[in-house]
Amino acid sequence: MRNILEEFKDLGLTKRVIKAVEKENYKTPTLIQQKLIPKMLDGRDIVGTAQTGTGKTAAFVLPLLHRLEEGKRRAKPRTCTNLIVVPTRELATQIFQNISIYGKFILHSKTVIMGGAKASAQIKALARGLDIVIATPGRLEDHLSTKNIFLNYTSTVILDEADQMMDLGFYPAIRRIMNLLPEGRQTLLLTATMPKQVRDLANEFLINPIDVSIGKQSKPIEKINQKILLADKPMKKKLLVEILNGVFKAIVFTKTKHGADKIVRYLRDNGLESIAIHGNKSQGQRQRSLDMFKKDKINILVATDIAARGIDIDDVSHVVNFDMPNVPESYVHRIGRTARAGNDGVAISLCDNSEMVHLKDIEKLINQKLSKEKVMEDGTRKEVFGDIMDEKEFSLSKKKRNSRSRHKNKSFKEKKFNKSKSEFVKEGTKSNSRINKKKKDKKLKARLQRS
Ligand code: AMP
């Protein structure tokens, strides 16, 4: 039987929105768009999970634009009607560009609020009042503290890459931002990976949410051909050159910024031009690297995890993990830079002995045994079957790693987060109390009144 929501016109969107997606040559809505768009138009709070590259951006942008066209009401000075919060500047810029494409036929105002760019232009834009603000948390908080923007008229807030927005680095800021939003707002959390603890944490931002979930949780898209090469650390660079020779378009992920620069130099010495993107580069350099790669002026991008999430570049044929990610969700996001919008892709990960524990974590998360080859000293490869580590070995190295990271985290928190941590704990205790329940009831009442 034919699904009645298989066409954009069935989703309840205005003609101008549909005209824009048709112009983009989108024939039918993707599954996440089919499911999420009507629920978002209903005004529900939503937790949306779908695999990488399956059209999440349009799923939340199209209803925003639809509402702007229907509503016609414009924002008051220094406020914004819709707020999209994302973890990286590159993703903020990309969403801005996507909104320009999908909103081609709809009058709307928007700006990006992010670090690494001049505040004065942002202040000027905010002063007018905007339909849509796309922001990274740090700079948004700066503008909130200097009263360049108020969030009390914001009716929809979207946290993209929501699980990352709720890790230790971002969570305190996100919590402060969410507390400034009106109680009757609509909240959407979107991601490809949503660990259970994060999902539980997210509940405090949501009222009576629905979960819209497409495909299996944290599962890489099936169109990615994944391979693990088990190799000693000193062999990795040579292996990388071997892999990259003749690839169409590749992103190489490294653990550190310094490591990314070293790879670029090594590749150059071996006749391969590449360009790096990481947090030590200026924002101008970061955007230039990305643009050169996007426009096919260079076919190898060497990146840290700042390029792991959300970045949508056509025709990336290969993702290579030069270092295994130590957070398993990062693996899903990194390799999700290939095989987007229904295309195929290849993901090759180089794993040395010290990284076996990360590999095991990844296999556990994605619930899949990955195909592995051991690279011998003479360069020949041998397929490896069975477990790379027995359970005892795995739990031992996990214990070791946890105690190391506990130690590291402690000193990090002591140095940087002492103040915010205590505030955080105090607030957290409150959130479990009756006060929070009262607050939620009040929010629900406000929501009901609004609808
Ligand atoms: P996203 O997951 O939002 O980054 O989207 C991944 C890619 O899918 C982007 O290149 C979009 O242009 C493309 N895309 C989004 N929606 C559709 C659709 N309905 N039909 C075809 N391509 C789409």
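Preceding this section is the structure that the text describes.
Summary of the structure given here. Owing to the predicted nature of the structure, the values given are computational and were not obtained by experimental measurement. (Residues numbered from 1 in each chain as written. Predicted model: local features only at pLDDT ≥ 70, side-chain atom pairs only at ≥ 80, totals over all residues.)

Another point: the overall build of the chain. Helices and strands together make up the secondary structure of the chain, namely 16 helices and 15 strands. The 451 residues of the chain split such that 39% are buried. (Helix = DSSP H or I, 4+ residues; strand = E, 2+ residues; numbered from the N terminus. Buried ≥ 20, exposed ≤ 12 C-beta atoms within 10 Å, placed from the backbone.)

Let's shift gears to helix H13 (residues 328–335). When you tally the buried positions in H13, you get eight out of eight residues, the bulk of the element. The set of residues buried in H13 consists of Pro-328, Glu-329, Ser-330, Tyr-331, Val-332, His-333, Arg-334 and Ile-335.

Regular strands place their side chains on alternate faces of the sheet. Within strand S5 (residues 156–160), five of the five residues are buried, which leaves it mostly tucked inside the rest of the structure. Burial along S5 is two-sided: the residues Thr-156, Ile-158 and Asp-160 and Val-157 and Leu-159 are all buried. With four bridges connecting them, strand S2 (residues 80–85) and S5 associate as parallel partners. Following the sheet pairing, Asn-82 is matched in S5 by Thr-156. For S5 and strand S6 (residues 186–191), the ladder comprises five bridges, and the chain directions are parallel. Each residue of the ladder has a partner; that of Asp-160, found in S6, is Leu-190. (Pairing = 2+ DSSP bridges.)

Further remarks concern the sheet that holds S2. The strand order across the open sheet built from seven strands is S3-S4-S2-S5-S6-S1-S7, with neighbouring strands paired in parallel fashion. Of all strands in the sheet, those with a lone pairing partner are strand S3 (110–113) and strand S7 (210–213), marking the two edges. Across this sheet, the average inter-strand angle for adjacent strands is 15°, counted without regard to direction. Strand contacts of helix H2 (residues 31–41): strand S1 (46–49), S6 and S7, with the helix running at about 170° to S1, the strand carrying the most contacts. (Axes fitted to C-alpha atoms, helices over the stretch in contact; angles between N-to-C directions. Contact = placed C-beta atoms within 7 Å.)

Worth remembering: the numbers are spatial, not functional.
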